[in-house]
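Coordinate inspection notes
Now for the letters of each chain:
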Amino acid sequence: MGKRGAKIFGVSFFKAKYIFLFIGLLCLWTSSYAKGMAEVNSMPFSQLQEIPNDSTNKKTKIDISYPNSSTVWDITQPAKLEWSTINIGSEKSIRFFLALNDMVVQELGTFKNSFSVSDIILAKNISTGDAYQVVGIELFPDNKYQIAKFATPYFSIKNPISDARKKAYEEKNRQKPTPSSTKVVEPVNQFDGRNITYVKEVAFDKEDITIDIWDHGRQDDDIVSIYLNGKTVIAKHLLTYQRKRVTCKLEKGKPNDLFLYAHNLGKSPPNTVSIEITDGSTSEKIILNSDLKSCEAVQISVKP
């Protein structure tokens with residue numbers, strides 16, 4: 001009888017040899033798996049925890065410990081930063097910003113991950129306030145989809161030079177005016193530590209006016225506010241070629257101060273704004289420029 005006709009345990013010889021081959025391979029795999037598990041089971045638990053993962057999947061973290069909620073920076077003194085990190089090497093860099101009311105007022109610098117830095121010079125135009133924050137951002141992360149960043153609690157900054165100027169100005173305004181048939185109103189010459197420069201005087205027949213503002217020149221991410229007599233009429237507006245319109249009411253019998261306040265410098269400093277003011281019958285077009293140290297303004301009056 002040929003090989004195909006032979007039988008083993010009721011199974012043909014041809015089929016039986018493949019069954020034995022499969023059983024042999026199964027035994028070989030079972031033996032290898034059991035040996036590997038024995039090695040893992042004999043390994044201390046502490047070593048099992050130390051088996052590394054892919055480093056690019058590790059989550060990075062920044063924690064700024066100074067300044068904190070009890071910190072008070074004096075503008076006349078160098079500032080310092082202290083921080084800690086997780087999964088960020090010492091060769092990496094971190095960029096820090098000073099922010100006020102969610103707006104960046106100064107870039108403090110880019111530093112290696114050394115956990116502290118001192119002798120940071122603060123900008124002289126930063127005003128006294130209690131709502132400042134430092135923001136830290138990881139640069140060039142290994143995982144571009146996960147960037148470590150941290151914002152401190154609110155802390156305080158004092159600017160004694162600016163405060164002294166403001167106090168002197170308020171004292172001057174409290175002095176009893178000299179009797180006169182005509183009331184003289186001194187123009188505002190400073191706001192939030194910034195000098196105000198008046199570039200034009202305009203007059204309208206009516207006290208109800210409309211103000212349009214838009215970006216003058218090319219759009220470069222300028223963010224501005226417009227103030228009328230110290231009150232915000234347009235707040236933190238991103239300038240585009242599309243006009244932003246508001247209506248306001250002027251005060252009769254006195255000059256009304258309208259000035260431009262820059263929250264950033266955009267891509268092409270200074271911030272330049274086109275403004276059109278109208279009372280419905282008369283209109284005036286004005287261009288104002290402002291940076292982080294100064295503001296341009298106009299005086300508006302209502303004709304008697």
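So, here is what we can say about the structure in this document. Just so we're clear, the structure is a prediction, and the values are computed from it rather than from any experiment. (Residues numbered from 1 in each chain as written. Predicted model: local features only at pLDDT ≥ 70, side-chain atom pairs only at ≥ 80, totals over all residues. Heavy atoms only, no water.)

A complete count under the given rule lists eight aromatic pairs for this structure. Measuring from ring centre to ring centre gives 6.2 Å for Phe-96 and Phe-111, while their planes differ by 35°; the resulting arrangement is tilted. Of this pair, Phe-96 sits in strand β6 (residues 93–100) while Phe-111 sits in strand β7 (residues 103–112), and the two are 15 residues apart along the sequence. According to the relative accessible area criterion, Phe-96 is buried, its value standing at 0%. Between Phe-191 and Tyr-227, the ring centres sit 4.8 Å apart and the planes meet at 50°, which makes this aromatic pair tilted. With Phe-191 in strand β12 (residues 190–191) and Tyr-227 in strand β15 (residues 223–228), this residue pair connects regions lying 36 residues apart in the sequence. Exposure remark for Phe-191: the relative accessible area of 22% places this residue in the partly exposed category. Residue Tyr-227 is classed as buried on the basis of its relative accessible area of 12%. Chaining the aromatic ring pairs together yields one cluster made of Phe-191, Tyr-227, Phe-259 and Tyr-261. It is Lys-80 that lies over the ring of Tyr-66; its NZ or CZ is 5.1 Å from the centre. (Phe/Tyr/Trp six-rings, centres within 6.5 Å; stacked < 30°, edge-to-face > 60°. Helix = DSSP H or I, 4+ residues; strand = E, 2+ residues; numbered from the N terminus. Buried < 20%, exposed > 50% of the residue type's maximum accessible area, 1.4 Å probe, protein only. Lys NZ or Arg CZ within 6 Å of the ring centre and 35° of its normal.)

What follows covers unusual backbone geometry. In this structure, Pro-67 follows Tyr-66 across a cis peptide bond, with omega equal to 10°. You can see Pro-67 is positioned in the loop between β3 (61–66) and β4 (72–74). The backbone phi angle of Phe-115 is positive, close to 80°, even though this residue is not glycine. Residue position: Phe-115 is located in the loop between β7 and β8 (116–120). Note on Phe-115: relative accessible area 41%, which makes it partly exposed.

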